[in-house]
Amino acid sequence: MESLVEKAKNGDKQSFSRLINTIQIELYNIAKVKLNNEDDVKDVLQDTILDIYKDIKKLKDNDFFKTWSVRILINNCNTVLKAKYKTKNLISIDEYLQNYEETSNNVDKIFSKLNYEDVINMLSVSEKMVFVLYYQEDYKIKEISEILNIKENTIKSILKRGREKIKASYKEDSLYE
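Figured I'd write up the structure that's included with this text. Because the structure is a prediction, the values reported are computed rather than measured.

Moving on, we get to the packing of aromatic side chains. As enumerated under the stated definition, the model contains 4 aromatic pairs in all. Taken together, a centroid distance of 6.2 Å and an interplanar angle of 45° make the contact between Phe65 and Trp68 tilted. Linking Phe65 with Trp68, this pair stays in helix α4 (residues 65–85), spanning 3 residues, or about one helical turn. A residue is classified by how much of its surface remains accessible, and Phe65, at 0% relative accessible area, is buried. Ring centres of Tyr134 and Tyr135 lie 4.9 Å apart, and the angle between their planes is 85°; on these two criteria the pair is classed as edge-to-face. Look at Tyr134 and you get partly exposed, because its relative accessible area is 27%.

Where like charges cluster on the molecular surface, the negative patch consists of Glu2, Glu6, Asp61 and Asp63. Overall, the relative accessible area of 52% leaves Asp63 in the exposed class.

Judged by nonpolar contacts, the single largest core of 43 residues is most densely connected at Phe65, Leu73, Leu148 and Ile155. Elements with a contribution of two residues or more to this core: α1 (2–9), α2 (13–35), α3 (38–55), α4, α7 (125–136), α8 (141–148) and α9 (152–170). Setting aside its immediate chain neighbours within four residues, Leu148 contacts Ile74, Met129, Val130, Leu133 and Ile155.

This brings us to the packing of α2 against α7. Where α2 contacts α7, the axes come no closer than 9 Å and their chain directions differ by 165°. The angle between the axes of α2 and α7 places the two elements in the roughly antiparallel class. Note that α2 runs across α7; the crossing there is right-handed. Of the residues in α7, those touching α2 at Asn29, Ile30, Val33 and Lys34 are Val125, Lys128, Met129, Val132, Leu133 and Gln136.

Once that is clear, we can look at the pattern of salt bridges. Oppositely charged side chains may form a pair once their charged atoms are brought near each other. Within the structure shown, the criterion is met by 6 salt bridges. Across the salt bridge formed by Glu38 and Lys32, the nearest N and O atoms sit 3.2 Å from each other. We note a salt bridge from Asp51 to Lys54, for which the minimum N-O separation is 4.0 Å. Here Lys54 and Asp51 lie together in helix α3, a separation of 3 residues that amounts to about one turn. A residue is classified by how much of its surface remains accessible, and Asp51, at 21% relative accessible area, is partly exposed.

What counts and what doesn't
- Residues numbered from 1 in each chain as written.
- Predicted model: local features only at pLDDT ≥ 70, side-chain atom pairs only at ≥ 80, totals over all residues.
- Heavy atoms only, no water.
- Phe/Tyr/Trp six-rings, centres within 6.5 Å; stacked < 30°, edge-to-face > 60°.
- Helix = DSSP H or I, 4+ residues; strand = E, 2+ residues; numbered from the N terminus.
- Buried < 20%, exposed > 50% of the residue type's maximum accessible area, 1.4 Å probe, protein only.
- Patch = residues over 30% accessible without salt bridge, like charges linked within 9 Å, V, L, I, M, F, W, Y side chains within 5 Å.
- Areas by Shrake-Rupley, 256 points an atom, 1.4 Å probe, with all protein chains shown as cover.
- Salt bridge = Lys/Arg side-chain N within 4 Å of Asp/Glu carboxyl O.
- Lys, Arg positive; Asp, Glu negative; His and termini not counted.
- Charge placed at Lys NZ, Arg CZ, Asp CG, Glu CD.
- Core = buried A, V, L, I, M, F, W, Y, C linked by side-chain atoms within 4.5 Å.
- Contact = heavy atoms within 4.5 Å.
- Axes fitted to C-alpha atoms, helices over the stretch in contact; angles between N-to-C directions.
- Parallel < 35°, antiparallel > 145°, perpendicular 65-115°, else oblique.
- Left-handed = near helix turned anticlockwise from the far one by under 90°.

In short, geometric facts, not functional conclusions.
Right, here's the structure in full:
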């Protein structure tokens, strides 16, 4: 991917198109979680691709193309949300939680037995974003922290809270022995 980024920086439109094709589904999934409206998602994706094309020469480290692109997308989503609801800080992450303890859980077991959308829709918007990045897009906690500009421990706490919500919601269904 690094060579494609370099070629795109030098004006190769075909390389840029191939780059976008490699991350397009991921960008769509993230925008869908943030915006929840298909028309807004399509608009934001178009704006994001234009912003990426316009600013790709500003990218300092080619290894971070994907992360950089996701940040642009999230910023564009936030702009749409602010304009739509005319409120600042519409989506806020809870205050940092202290004393995080890793708990073993059966989230993978739950995901295999349930419809993914049903599971993800029981979460708050901030939890949805972290869950999509972590479970669906396979980002590491450190990468999510960089993308969302949130401390790693906060990401861990959000994941823990979300898993606990899912576990509590489906405990009655005998998914846990």
